[in-house]
Amino acid sequence: MVYNVAQGALFITKFSIGGIGGPGGQSESGSGGLGGIGQGPQFHVSGTSHWTVHSATETVFSTAVKTKQRKLCPLPVPSFTGRQETLQEIHQYFGQAQGTRLVFILHGLGGSGKSQLAFKYVQEAQDKKRFCNVFFIDATSDQTAETDLKLLAPTANDTSEAALSWLASNHNEWLIVFDNADDVGLDIAKFFPPCTFGSILITTRNPQLCIHGVDSQVSNMAQDDASDLLLKIVGRKAIQHNKKELATAIVKELHCFPLAVSQAGGYINARGDLESYLTIYQSSRDELLQRNDIQGQSQYNTAVYATWNLSYNKLSSKGKLLLQIFSCLHHQGIKTEIFERAFLSELEIDDGDFQVQIDEVLAQLGGSNQTWNALIFNDIVGELQAYSLIEQDLNDQSFSVHPLIQQWSNHTTKQNMHFIQTCVLALIAMSCYFNTEDFEYIARLLHHTARVSLFFRKPIDLQISIWLAYIADRQGRWNDSELLHSIVFEKRKSLLGKEHPHTLTSIANLARTFSEQGQWSNAEALQVTVLDSQKRLLGEEHPDSLNSMDSLAWTYSKQGRWSNAEALQVAVLDSHKRRLGEEHPYTLTSIANLALTYSKQGRWSNAEALQVAVLDSQKRLLGEEHPCTLTSMNNLALTYGNQGRWSAAEGLCSVVLEKQKRLLGEEHPDSLSSMSNLTSTYSHQGRWTDAEELRVKVLEASKRLLGEEHPDTLSSMSNLASTYSDQGRWSDAEELEVKVLEARKRLLGEEHPDTLLSMSNLASTYSDQGRWSDAEKLEVNVLEARKRLLGEEHPKTLNSMSNLASTYSDQGRWSDAEELKVNVLEARKRLLGEEHPKTLNSMSNLASTYSDQGRWSDAEGLQVTVLEARKRLLGEEHPKTLNSMSNLASTYSDQGRWSDAEGLQVTVLEARKRLLGEEHPDTLLSMSNLACTYSNQGRLSDAESLHVMVLEKRKTLLGKEHPNTLDSMHNLAYVFEHQGRHSEAEALRQAAQDIEQLRDAASKPTQIDKFVVTPAELALPRTVSENPVAQSLHETCTQKSKKQRKWKRVFTSLFGFTNGRNTENV
């Protein structure tokens, strides 16, 4: 036989028939591959003797041939799938220039596929002829590593040290694979050759070995890779047409864990099919994951659970206890502070025996002599990390547990499970009692409390229940809160009696959870029960009775029963004044509550007077920066906003925000609430960029501090969507609104008030996009739900009716719209009075429908009534008064009374310039309306100068794609057309249409018909009644829907934008 040898060593056994090829092949035991063309000298072998191999110039190595068979690196399973990024990372790392030792560590949970990944790399490296030799070492223990190393030694009786010395003297490119180096007592470094070169690949559960080189954690597979792996294993068993969908559902249930997926494939091959496996797994998951009789294609001889049992059996009792506790919490975001705060807490548990047990648990985990010993806790954590049973996130110093590990751990401790679950509930409750005002900590617990809510129906200590209910209240988890408060109520009723003060407090707390869920009738019933008992037992003017009256008033307010609310609040206020004095904190709180009810009734002057008085007293008595003072400033700002005094509102909101930032921090809930209030003032002033910037900041902080689905976070998301709508970014708004709606449906239920509000908001966005059918469907759902839950004449029901009427108008269904709007108007007149702000809104909306039907006299009559009432109630220059004036001017234009229209529009424009500024969106709208009136009067030059001004400002402030900017482009094109500047008109119109097409392609608007109008057909006169062509097109545009965006453009291009009403739907 002829052997090609490079500089280096050659060992030949009687089994050798070829090397691995490449530069100087070396034979392997068994059937090696064909050797490549060698770079060294050639020689012939015959017999067995001592050989010295020479290069052309020197002796390379001298040894004796022996009869030894070392282990080969196993091949990966045929079904190996995915992990391409990690494979590429290993190839890149070992592809570096040689001369330094390279060590790569694959670490992770048992069964995660570390060994298979290593085998796959070796296979690919050998295909590429990357290494001259690959040596495989079973590193399960010192003994297995020693045994495998001895097989590499130069002579039969040599030690592992001799093998390492030989490797250190062998300058060929070699790779050692240390597989399963899981034993925490194993010193892997002592098995490294004593040299500064060579490549080493380690697989281990112990992340502490990462100190030896570069590492990569091996965990769950990508979902697509996991489903592909399952389908490869199952093979011909996957006959269903939806096999990919079924496989994806299975691997998601298995958290894409490689060994579990492999084992599932083995079961399906032997006993079942894809379709039935998921059902079987969900009902018998523990049984399937611990079975050894059916395996997949992995080289494990044990089931998933048995694999982890090997690690569990090596844990100390403290390690097992901590793992059991971790397995009852959410699998991510587990922090040491839970245990430390619980240990330092002074919460006294009613059950004395259990108090002793929980104290013992905390003592084992790190509590000693009234001091928390972090060193003890960290040692226990390190023990779990050593077997990859938990992972640590160094960014936020938290720990996580694989969901399947939690499932397995809970299975292994079934007999002790109730105790562990009760311990976890106690730890959470005690940790919050440590500092009840730590909002951030309570927010961080959100996922954990959601997870442990599964244990609430089991027997729980009363004190633990009370504090878990408190936590649920702060987190806005009202379903859990209701359950816990019910438990507390039943316990107290049993122990203390149904009219004990503590029992009545529990009923009041339960009533609050009903209110927060929109179940106001249930809340009212409980609150009336509490109030009656307290009046009888304590007296009408006892503080507890007065508190209950306040709570009941709040519920009445939520039901739109403001007169009932006012009556109770006045009674409470009179009692506080008489008993405590005019400026007692309770008295001032009562005044503030009454002021809010006045605001709800549209009595803003009355509200303002009370709020100013409260604020002045609090400034003097409590100081300018007391939380109550700041709350009063926020309330007064809200009233200023209702009065349209946005600059004054902004000033107060800014002061409050700056003080809270300094006193509480930027991300305190009160600071975020004030930031949100300030953005509202920006939005109403048309400063949408400023509003967006702050709302994004609030949303990101809420996500980070409270969680993605906390009620406050969802409210912030909804507010940001509103700002996107203001900017004409309806796709962005829709995306957020859909997310909010889906979350609220899932968390609160389909008919929770917040869910219905989200549905209504999404319907509004659909309307903005011209998707009338989609909007109508949602609005009908909301209306029907509110009728059933709140009653036909509840304020929110009437809001929904008004919104649906608006959508009917948008669709040109004016009879349907009129019927609903008349119903709303009559109900509001009867319930709120003829001149309540909402009644006047309804009157204005009905006038708009009359205008849509060409019933301009009817429209004018209503609009004059609204305008006169608003002038008298709100003042000549209130924003709503100016809206009414603008609407009436539009009706005058519809009647061809352009002088009358112009007079009103000039008044509105001057007022808005002075009050809002030249660049406010409402000011620009007024300017545009006046320009259209000039066009109708044939004053084209005056119209052109205003339209040019509006267009330039809108481009700068809103962007060229905003709908209002496009309106301005069409308006100006109309003027150019009638000035005979046809090419300029066409260029401007085409530019607008190009922008629309790009935007509409993204938002997929409703399709409408197309038609062509020649310039000659648009020649003056412009009056609709005098131009048959114009009259026909006017009717076409109107019937298609004046508010559908594309048809509004057509209307604008033909007749000027004379329909710029401020429709006042709620």
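Cut-offs used in this document
- Residues numbered from 1 in each chain as written.
- Predicted model: local features only at pLDDT ≥ 70, side-chain atom pairs only at ≥ 80, totals over all residues.
- Heavy atoms only, no water.
- Helix = DSSP H or I, 4+ residues; strand = E, 2+ residues; numbered from the N terminus.
- Buried < 20%, exposed > 50% of the residue type's maximum accessible area, 1.4 Å probe, protein only.
- Contact = heavy atoms within 4.5 Å.
- Areas by Shrake-Rupley, 256 points an atom, 1.4 Å probe, with all protein chains shown as cover.
- Core = buried A, V, L, I, M, F, W, Y, C linked by side-chain atoms within 4.5 Å.
- Salt bridge = Lys/Arg side-chain N within 4 Å of Asp/Glu carboxyl O.
- Phe/Tyr/Trp six-rings, centres within 6.5 Å; stacked < 30°, edge-to-face > 60°.
- Lys NZ or Arg CZ within 6 Å of the ring centre and 35° of its normal.
- Axes fitted to C-alpha atoms, helices over the stretch in contact; angles between N-to-C directions.
- Parallel < 35°, antiparallel > 145°, perpendicular 65-115°, else oblique.
- Left-handed = near helix turned anticlockwise from the far one by under 90°.
- Nonpolar A, V, L, I, M, F, W, Y, C, P; charged D, E, K, R; others polar.
- Expected span 1.5 Å × (residues − 1).
- Disulfide = S-S within 2.5 Å.
- Pairing = 2+ DSSP bridges.
- pLDDT = per-residue confidence, 0-100.

### Points about the overall build of the protein
A count of helices and strands for the protein gives 45 helices and 13 strands. Across the 1066 residues that make up the protein, the buried fraction comes to 54%. At a minimum sequence separation of 6, the contacts of the protein that also span at least 24 residues come to 65%. Counting every atom, the protein has about 45,900 Å² of accessible surface; 50% of that belongs to carbon and sulfur.

### Things to note about the environment of Ser219
If you trace the backbone, Ser219 turns up in the loop between strand S9 (214-217) and helix H5 (223-234). Along the primary structure Ser219 and Pro258 are separated by 39 residues, whereas in three dimensions their C-alpha atoms are 8.4 Å apart.

### Some thoughts on the nonpolar core
One finds Leu230, Phe339 and Leu365 to be the most contacted residues of the largest nonpolar core, which totals 92 residues. Counting 28 residues, the second largest nonpolar core, distinct from the first, contains Ala139, Leu167, Phe178 and Ala181.

### Considerations on the pattern of salt bridges
This structure, assessed with the given rule, holds 42 salt bridges. The closest approach of N and O atoms between Asp774 and Arg771, which form a salt bridge, is 3.1 Å. The salt bridge partner of Glu818 is Arg855, with a shortest N-O separation of 3.0 Å. Of the two residues, Glu818 is situated in helix H35 (residues 814-832) and Arg855 in the loop between helix H36 (837-852) and helix H37 (856-874); the sequence distance between them amounts to 37 residues. Relative accessible area serves as the criterion here: at 18%, Glu818 is assigned to the buried category. Since its relative accessible area comes to 29%, Arg855 is described here as partly exposed.

### Some words on the packing of aromatic side chains
A complete count under the given rule lists 21 aromatic pairs for this structure. Between Tyr433 and Trp467 the ring centres are 4.8 Å apart and the planes differ by 90°, which places this aromatic pair in the edge-to-face class. Of the two residues, Tyr433 sits in helix H15 (residues 417-433) while Trp467 sits in helix H18 (residues 462-475), which places them 34 residues apart along the sequence. Given a relative accessible area of 15%, Trp467 falls into the buried group. By the ring-pair criterion, three or more aromatic residues cluster together here, those being Phe326, Phe339, Phe343, Trp372, Phe377 and Phe399. The side chain of Arg130 reaches across the aromatic face of Phe131, ending 4.6 Å from its centre. Positioned above the aromatic ring of Tyr441 is the side chain of Arg341, whose terminal nitrogen or guanidinium carbon lies 3.7 Å from the ring centre.

### Section: the packing of helix H20 (residues 501-516) against helix H21 (residues 520-538)
Remark: H20 packs on H21, axes separated minimally by 8 Å, with the N-to-C direction vectors making an angle of 160°. Accordingly, the angle class assigned to the pair H20 and H21 is roughly antiparallel. The way H20 lies across H21 gives a crossing that is left-handed. Contact with H20, carried on its side by Leu504, Ile507, Ala508, Leu510, Ala511, Phe514 and Ser515, involves Trp520, Asn522, Ala523, Leu526, Gln527, Val530, Ser533 and Gln534 of H21 and no other residues of that element. Split by residue class, the contact of H20 with H21 holds ten nonpolar, five polar and no charged.

### Things to note about H37
Its 19 residues place the ends of H37 26 Å apart at the C-alpha level, agreeing with the 27 Å of an ideal helix rising 1.5 Å per residue. Buried within H37 are the following residues: Ala859, Glu860, Leu862, Gln863, Val866, Leu867, Ala869 and Arg870. Residues of H37 that are buried make contact with H36 and helix H38 (879-894). Just past H37, the residue Gly875 takes up positive phi, approximately 105°.

### Observations regarding the state of the cysteines
Tallied over the full model, the rule gives zero disulfides. Take Cys328: it sits in no disulfide, and the sulfur closest to it among the cysteines is that of Cys423, at 9.2 Å.

### Some thoughts on the side chain of Glu734
As for its placement among the helices and strands, Glu734 is situated in helix H31 (residues 730-748). With sequence-adjacent residues up to four places away left out, Glu734 is seen in contact with Leu762, Thr765, Tyr766, Gln769 and Arg771.

### A closer look at the environment of Val424
Tracing the chain through its elements places Val424 in helix H15. The spatial distance from the C-alpha of Val424 to the C-alpha of His448 is 9.7 Å, given a sequence separation of 24 residues. With near-sequence residues (within four places) excluded, Val424 lies in contact with Ile325, Cys328, Leu329 and Val452.

### As for the sheet that holds strand S8 (residues 199-204)
Pairing within the open sheet is parallel, and its five strands lie in the order S6-S7-S8-S5-S9. For this open sheet the edge positions go to strand S6 (133-138) and S9, each flanked by a neighbour on one side alone. Each neighbouring strand pair of the sheet contributes to a mean axis angle of 15°, computed without reference to strand direction. Pairing between strand S5 (residues 102-107) and S9: four bridges, direction parallel. The partner of Leu106 across the bridge, within S9, is Ser216. Of the strands in this sheet, S5, strand S7 (174-179), S8 and S9 touch helix H1 (residues 84-94), which is tilted by about 165° from S5.

### Some thoughts on the pairing of S6
On a regular strand, one side chain projects to one face of the sheet and the next to the other, so that they alternate. With six of its six residues buried, S6 lies for the most part within the structure. By the alternation rule, side chains of S6 split into Asn133, Phe135 and Ile137 and Val134, Phe136 and Asp138, which are all buried. In this structure, S6 lies alongside S7, joined through six bridges in parallel fashion. Directly across from Phe135, in S7, lies its bridge partner Ile176.

### Notes on the confidence of the model for the protein
Chain-level statistics for the protein give a pLDDT mean of 82 and a share of 85% at 70 or above. Scored below 50 in pLDDT, residues 1-67 makes 129 contacts in the model with residues more than four places away or belonging to other chains. pLDDT under 50 marks residues 1003-1066. Its contacts with residues more than four places away, or in other chains, come to 144 contacts.

### Re the packing of H36 against H37
Across the interface, H36 lies against H37 with an axial gap of 8 Å and an inter-helix angle of 155°. Judged by the inter-axis angle, H36 sits roughly antiparallel to H37. You can see that H36 and H37 cross each other, and the crossing is left-handed. Contacts between H36 and H37 involve Pro837, Leu840, Asn841, Met843, Ser844, Leu846, Ala847, Tyr850 and Ser851 on the former and, on the latter, Trp856, Asp858, Ala859, Leu862, Gln863, Thr865, Val866, Ala869, Arg870 and Leu873. Its residues placed into classes, the contact of H36 with H37 shows twelve nonpolar, five polar and two charged.

### Description of helix H6 (residues 243-253)
Of the residues making up H6, those classed as buried are Leu246, Ala247, Thr248, Ile250 and Val251. Backbone geometry just downstream of H6 places His255 in the positive-phi region, at approximately 55°.

### Brief notes about the side chain of Gln385
Mapped onto the fold, Gln385 is located in helix H13 (residues 374-386). In this view, Gln385 contacts Arg205, Pro207, Ile390, Gln392 and Phe399; residues no more than four positions away in its chain are not counted.

### Observations concerning the pairing of S8
A large share of S8 lies buried, amounting to six of its six residues. Of the two faces of S8, the one lined by Ser199, Leu201 and Thr203 and the one lined by Ile200, Ile202 and Thr204 are each fully buried. Of the pairings in the sheet, the one linking S5 to S8 comprises six bridges and is parallel in character. Each bridged residue has a counterpart across the sheet, and for Leu106 the counterpart in S8 is Thr203.

### Let's talk about unusual backbone geometry
Look at His255: it is not a glycine, yet its phi comes out positive at around 55°. For His255, the location among the structural elements is in the loop between H6 and helix H7 (258-271). Positive phi outside glycine occurs at Cys256, with the angle close to 55°. Examined against the element boundaries, Cys256 turns out to sit in the loop between H6 and H7. Judged by its relative accessible area of 8%, Cys256 falls in the buried class.

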